Amino acid sequence: MDSGDGGEVASAAAGPPTPLEWKFSQVFGERAAGEEVQEVDIISAIEFDKSGDHLATGDRGGRVVLFERTDAKEHGGNRRDLERMDYQVSRHPEFRYKTEFQSHEPEFDYLKSLEIEEKINKIRWCQTANGAVFLLSTNDKTIKFWKVQEKKVKKISEINVDSCKAAGNGGIASSSVSSGSKQFLANGDCSDPSYNPLSNDLLFPPGGLPSLRLPVVTSGETSLLARCRRVYAHAHDYHINSISNNSDAETFISADDLRINLWNLEISNQSFNIVDVKPTNMEDLTEVITSAEFHPTHCNMLAYSSSKGSIRLIDLRQSALCDSHSKIFEEQEAPGSRSFFTEIIASISDVKFARDGRYLLSRDYMSLKLWDVNMDSGPVATFQVHEYLRPKLCDLYENDSIFDKFECCLSGDGLRVATGSYSNLFRIFGCAQGSTEATTLEASKNPMRRQVQTPARPSRSLTSSISRVVRRGAESPGADANGNSFDFTTKLLHLAWHPSENSIACAAANSLYMYYA
């Protein structure tokens, strides 16, 4: 997916990258066989920071859990020492639990008589400063700005009244205080309840103390402190589905079903409404906003998706209220293919920019679509995620599974895309020119257990490589990729790709699984 012609020629000569072989790395919160999962423990958001050294998850209980990378520190060393080694150090991202905090609590809207659940909908990392990490988290109504920083715990290490320490530190001869000794605590208190602090029999022996030692405060181990810096509330009438940081590091957007608001990180009591699709008469409402994201490098550009399967690109320089879009990306419906479920499965649940901002990835119920922001005539590639479910759309509608919101992600190099499915499966597709990579993995310690090599349909080149249309990943009809009965209750909705390495974090209920290639 190189934007320049020279890059495309070079990539064509080199051929598509070889498919990756994925391996299990880590699991956090693994449940034992038969263990029941508590609703509040189910993970509802995953996000890597830009460096890839931190990972955050949010759950339905309103908690945010932070993980930090450890392998970079453990294998650290200067470059010269590493070059002298006669073997290659194989490294893949390894993380450890860092801290967790309660981000949101259940609330009640008295005006509308509605309960506001504490579930974390989205997490976004902000720029780090002075050794502290900052992040935004949101539930249905309220966005919070958090600062997580290491604080050193200060303790009193020396104090005069501890007779044992006093003797050991050269203040008093041990024989002068040996009789009738009491047990003293580190802060000067005495553990003996009969001890009278007004009695000077022990503290001040005859002749007094030869020297007075003042208490010494020392910094011991460090602890992590999470502090809510700002609360951005009362700006959304409908449930917030997206938040996204701007590349200017000063502003961010929040989106609900009908509006997108622009905030300044420093100002919590005021936001600007930049998109409003609410009709004068709500009976005329035909589509809602489903996801929104800022461009990774252009602070004036953002994209938002709709329930009708379209993506709109808007430019904040055009007007204060961006009701008119600068570009719209939508795929024309094939004649004769319309059914009762057409509009439901066309609804886009997630949209993501590639790292360079040249491509957009969208996920609807059945497929992933890759769009070139310079070409709005149609997607450059379409990947079928679980085409074998199409005959089961009636069942999926009956049990409301057809409304599940699956997320999607792109690799840092833009060569692959990934998204989740049912039975805790997730799929990875190669999107480089000529690639036929289509991998199915299961969120378990043996990710390749249900792997099936599916022959991909060849790409159809139209006028040039840019306008190619790829449809890949359609398995043979059946229960799942391996012919097993499909489980609609176990679904992999949330996953994230490491920004610089081939590593994926994904959530299966309350467990966080990590894989590398």
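Nothing here was measured: the structure is a model prediction, and the numbers come from that model.

1. A word on the overall build of the protein chain
Turning to step 1, where the next piece is worked out: Secondary structure summary: the protein chain contains 6 helices and 31 strands in total.
Turning to step 2, where the next piece is worked out: Relative to its 517 residues, the protein chain shows a buried fraction of 48%.
Turning to step 3, where the next piece is worked out: Within the protein chain, counting contacts between residues at least 6 apart in sequence, those at least 24 apart form 59% of the total.
Turning to step 4, where the next piece is worked out: Just so you have it, the protein chain exposes about 25,900 Å², and 49% of that area is on carbon and sulfur atoms.

2. Focus on the environment of Lys-151
Turning to step 1, where the next piece is worked out: In this structure, Lys-151 sits in strand β10 (residues 143-158).
Turning to step 2, where the next piece is worked out: Between the C-alpha atoms of Lys-151 and Glu-221, which are 70 residues apart in sequence, the distance is 8.7 Å.

3. Quick notes on the packing of aromatic side chains
Turning to step 1, where the next piece is worked out: Going through the model one piece at a time under the given rule, you end up with 23 aromatic pairs.
Turning to step 2, where the next piece is worked out: With 5.6 Å between their ring centres and 20 degrees between their planes, Phe-134 and Phe-145 make a pair best called stacked. With Phe-134 in strand β9 (residues 133-138) and Phe-145 in strand β10, this pair connects stretches of sequence that are 11 residues apart.
Turning to step 3, where the next piece is worked out: Ring centres 5.3 Å apart and planes at 70 degrees place the aromatic pair Tyr-232 and Trp-263 in the edge-to-face group. One end of the pair, Tyr-232, is in strand β11 (residues 216-232); the other, Trp-263, is in strand β14 (residues 259-264), and 31 residues separate them in sequence.
Turning to step 4, where the next piece is worked out: Through a chain of ring-to-ring contacts, the aromatic side chains of Phe-24, Phe-426, Tyr-513 and Tyr-515 assemble into a single cluster.

4. Remarks on the confidence of the model for the protein chain
Turning to step 1, where the next piece is worked out: Mean pLDDT over the protein chain stands at 81; residues scoring 70 or higher make up 76%.
Turning to step 2, where the next piece is worked out: In the model, residues 163-190 has pLDDT below 50 throughout and makes 36 contacts with residues more than four positions away in sequence or in other chains.
Turning to step 3, where the next piece is worked out: Throughout residues 197-201 the model reports pLDDT below 50, and contacts reaching past four residues in sequence, or to other chains, amount to 0 contacts.

5. With respect to the pattern of salt bridges
Turning to step 1, where the next piece is worked out: As enumerated under the stated definition, the model contains 22 salt bridges in all.
Turning to step 2, where the next piece is worked out: Glu-407 serves as the salt-bridge partner of Lys-122, at 3.3 Å between the closest nitrogen and oxygen. Taken together, the residues span a long stretch of sequence, with Lys-122 in strand β8 (residues 122-125) and Glu-407 in the loop between α6 (393-398) and β24 (408-410) at a distance of 285 residues. Note on accessibility: Lys-122 and Glu-407 belong to one class, buried.
Turning to step 3, where the next piece is worked out: Residues participating in the shared-partner salt-bridge network are Lys-112, Asp-237, Arg-259 and Asp-276.

6. Here we look at the sheet that holds strand β1 (residues 23-28)
Turning to step 1, where the next piece is worked out: Ordered in space as β1-β31-β30-β29, the 4 strands form an open sheet in which the pairing is antiparallel. Across the chains shown, the open sheet's two edge strands, defined by having one partner strand only, are β1 and β29 (495-497). For this sheet the average axis-to-axis angle between neighbouring strands, irrespective of direction, equals 20 degrees.
Turning to step 2, where the next piece is worked out: Where β29 and strand β30 (residues 503-508) come together, 3 bridges link them in antiparallel fashion. Counterpart to Leu-495 in the pairing with β30 is Cys-506.

7. Details of the sheet that holds strand β12 (residues 242-245)
Turning to step 1, where the next piece is worked out: The strand order β12-β13-β14-β15 describes an open sheet built from 4 strands, whose pairing is antiparallel. Each having just a single partner strand, β12 and β15 (267-276) make up the two edges of the open sheet. Adjacent strand axes in the sheet meet at a mean angle of 25 degrees when their direction is disregarded.

8. A closer look at the pairing of strand β18 (residues 311-315)
Turning to step 1, where the next piece is worked out: Buried residues dominate β18, accounting for 5 of its 5 residues.
Turning to step 2, where the next piece is worked out: The alternating pattern of β18 places Ile-311, Leu-313 and Asp-315 and Arg-312 and Ile-314 on opposite faces, both of which are buried.
Turning to step 3, where the next piece is worked out: Examined bridge by bridge, strand β17 (residues 301-306) and β18 share 5 bridges and lie antiparallel to one another. The partner of Met-301 across the bridge, within β18, is Asp-315.
Turning to step 4, where the next piece is worked out: Across 3 bridges, β18 lies against strand β19 (residues 327-329) in antiparallel orientation.

9. Observations regarding the side chain of Ser-137
Turning to step 1, where the next piece is worked out: Inspection of the secondary structure puts Ser-137 in strand β9.
Turning to step 2, where the next piece is worked out: Side-chain polar atoms of Ser-137 contact the side chain of Ser-103, separated by 2.7 Å.
Turning to step 3, where the next piece is worked out: At a separation of 3.3 Å, a polar atom in the side chain of Ser-137 contacts the side chain of Trp-146.
Turning to step 4, where the next piece is worked out: If we skip the residues at most four places from it in the chain, Ser-137 touches Val-64, Ser-103, His-104, Lys-122, Ile-123, Thr-142, Ile-143, Lys-144, Trp-146 and Ile-243.

10. Thoughts on the pairing of strand β22 (residues 367-372)
Remember that side chains alternate between the two faces of the sheet whenever the strand is regular.
Turning to step 1, where the next piece is worked out: Among the 6 residues of β22, 6 are classified as buried, and the element is accordingly described as predominantly covered.
Turning to step 2, where the next piece is worked out: Connecting strand β21 (residues 359-363) to the antiparallel partner β22 that follows it, the hairpin turn spans 3 residues.
Turning to step 3, where the next piece is worked out: Bridging between β22 and strand β23 (residues 381-384) involves 4 bridges; their strand directions are antiparallel. From the neighbouring strand, Leu-368 faces β23, where its bridge partner is Phe-383.

11. Some thoughts on the side chain of Glu-407
Turning to step 1, where the next piece is worked out: Classification of Glu-407 as buried rests on a relative accessible area of 8%.
Turning to step 2, where the next piece is worked out: At 3.0 Å, the side chain of Glu-407 and the side chain of His-494 are in polar contact.

12. Some details on unusual backbone geometry
Most peptide bonds take the trans configuration, and most residues that are not glycine carry a negative phi.
Turning to step 1, where the next piece is worked out: For His-234, which is not glycine, the phi dihedral falls at a positive 60 degrees.
Turning to step 2, where the next piece is worked out: With respect to the secondary-structure elements, His-234 resides in the loop between β11 and β12.
Turning to step 3, where the next piece is worked out: When its relative accessible area of 82% is taken as the criterion, His-234 is described as exposed.
Turning to step 4, where the next piece is worked out: One non-glycine residue with positive phi stands out, namely Ala-509, at about 60 degrees.

13. Some points on a nonpolar patch on the surface
Turning to step 1, where the next piece is worked out: There is a patch of nonpolar side chains on the surface, built from Phe-340, Tyr-397 and Phe-403 and spanning about 310 Å² of accessible area.
Turning to step 2, where the next piece is worked out: Relative to the helices and strands, Phe-340 is located in the loop between β19 and α5 (342-346).

14. Description of the environment of Asn-273
Turning to step 1, where the next piece is worked out: By the element assignment, Asn-273 lies in strand β15.
Turning to step 2, where the next piece is worked out: When the C-alpha positions of Asn-273 and Leu-321 are compared, they lie 6.9 Å apart, and in sequence the two are 48 residues distant.
Turning to step 3, where the next piece is worked out: Excluding residues that lie within four positions of it along the chain, Asn-273 makes contacts with Arg-259, Ile-260, Asn-261, Ala-320 and Leu-321.
Turning to step 4, where the next piece is worked out: Side chain to side chain, Asn-273 and Asn-261 meet in a polar contact 3.4 Å long.
Turning to step 5, where the next piece is worked out: A distance of 2.9 Å separates a polar side-chain atom of Asn-273 from the backbone oxygen of Val-275.

Reading guide: rules and limits
- Residues numbered from 1 in each chain as written.
- Predicted model: local features only at pLDDT ≥ 70, side-chain atom pairs only at ≥ 80, totals over all residues.
- Heavy atoms only, no water.
- Helix = DSSP H or I, 4+ residues; strand = E, 2+ residues; numbered from the N terminus.
- Buried < 20%, exposed > 50% of the residue type's maximum accessible area, 1.4 Å probe, protein only.
- Contact = heavy atoms within 4.5 Å.
- Areas by Shrake-Rupley, 256 points an atom, 1.4 Å probe, with all protein chains shown as cover.
- Phe/Tyr/Trp six-rings, centres within 6.5 Å; stacked < 30°, edge-to-face > 60°.
- pLDDT = per-residue confidence, 0-100.
- Salt bridge = Lys/Arg side-chain N within 4 Å of Asp/Glu carboxyl O.
- Pairing = 2+ DSSP bridges.
- Axes fitted to C-alpha atoms, helices over the stretch in contact; angles between N-to-C directions.
- Polar contact = N/O pair within 3.5 Å; in protein donor to acceptor, adjacent residues only side chain to side chain.
- Patch = residues over 30% accessible without salt bridge, like charges linked within 9 Å, V, L, I, M, F, W, Y side chains within 5 Å.

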